[in-house]
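So you can see what is in the structure, the chains are spelled out below.
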Amino acid sequence: PSGGIHGYLSRFLASGDPTFQHIAIWTLLQLLESGDSKLIETINKSDQVIKAVREISEKDVEPEDEGEDGEDGEAEVVALAKRCLEISGTGVVPPSDKSDGGSSFGGNPAYKT
């Protein structure tokens, strides 16, 4: 596609369509989980992609009843976006979780920096 993988991710993330965002986030997660340091570095250099993933990760959604797929699907996209930021190392500690001086990722002691 035009713009290569970067163009594809950028367009799908910016689409506003939860299905396209899910596809882009899932694709990005697969790339990040490859563990390829050069690829991860390249992804991290894309402010446009990282900003879009961060915006998706900050959406305030709560899973509803199992019958309401729209909300559950959106909650899944948010969770995948958070995982992408975690793996890429570009996650931001929310202000409410900085009571320990910001020494852990997302307030989770398992992610000490």
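- As annotated in an unreviewed UniProt entry, the chain carries the name Vacuolar protein 8 and comes from Vermiconidia calcicola.

1. Some words on helix H1 (residues 4-14)
- Taken together, the buried positions of H1 are occupied by Gly7, Tyr8, Leu9, Ser10 and Leu13.
- Looking at the buried residues of H1, the elements they touch are helix H2 (18-33) and helix H4 (47-57).
- Residue Gly16 follows H1 closely and has a positive phi angle near 80°.

2. Thoughts on the packing of aromatic side chains
- Applying the stated criterion across every chain yields a total of 2 aromatic pairs.
- Aromatic side chains Phe12 and Phe20 sit 4.8 Å apart centroid to centroid with 55° between the ring planes, which places their arrangement in the tilted category.
- For Phe12, a relative accessible area of 22% translates into the label partly exposed.
- Taken together, the ring pairs in this structure connect Tyr8, Phe12 and Phe20 into an aromatic cluster.

3. Observations regarding empty space enclosed by the protein
- Applying the stated criterion across every chain, the model contains 1 cavity of 30 Å³ or more.
- Its volume calculated, the largest cavity comes out at about 30 Å³.
- Together, Pro18, Gln21, Ile56, Lys59, Glu74, Val77 and Val78 line the largest cavity.
- Put simply, the parts of the chain that give the lining of the largest cavity at least two residues each are H2 and helix H5 (69-88).
- The biggest single contributor to the lining of the largest cavity is H5, with 3 residues.
- For the lining of the largest cavity, the class distribution of residues is 4 nonpolar, 1 polar and 2 charged.

4. Section: the packing of H2 against H4
- Two elements in contact, H2 and H4, have axes whose closest approach is 12 Å; the angle formed by their N-to-C orientations is 115°. Taken as a pair, H2 and H4 cross one another with a handedness that is left-handed. On H4, the residues touching Gln21, Ile25 and Leu28 of H2 are Val49, Val53 and Ile56.

5. Focus: the environment of Leu39
- Inspection of the secondary structure puts Leu39 in helix H3 (residues 37-44).
- Judged by relative accessible area, Leu39 falls into the partly exposed class, the value being 26%.
- With residues near it in sequence (within four places) discarded, Leu39 still touches Leu31 and Ser34.

Parameters and conventions
- Residues numbered from 1 in each chain as written.
- Predicted model: local features only at pLDDT ≥ 70, side-chain atom pairs only at ≥ 80, totals over all residues.
- Heavy atoms only, no water.
- Buried < 20%, exposed > 50% of the residue type's maximum accessible area, 1.4 Å probe, protein only.
- Helix = DSSP H or I, 4+ residues; strand = E, 2+ residues; numbered from the N terminus.
- Contact = heavy atoms within 4.5 Å.
- Phe/Tyr/Trp six-rings, centres within 6.5 Å; stacked < 30°, edge-to-face > 60°.
- 1 Å grid on protein atoms, 1.4 Å probe; cavity = no way out; pocket = protein on both sides within 12 Å on 5 of 7 lines; lining within 4 Å.
- Points joined across faces, edges and corners; volume = space filled by probe spheres on them.
- Nonpolar A, V, L, I, M, F, W, Y, C, P; charged D, E, K, R; others polar.
- Axes fitted to C-alpha atoms, helices over the stretch in contact; angles between N-to-C directions.
- Left-handed = near helix turned anticlockwise from the far one by under 90°.

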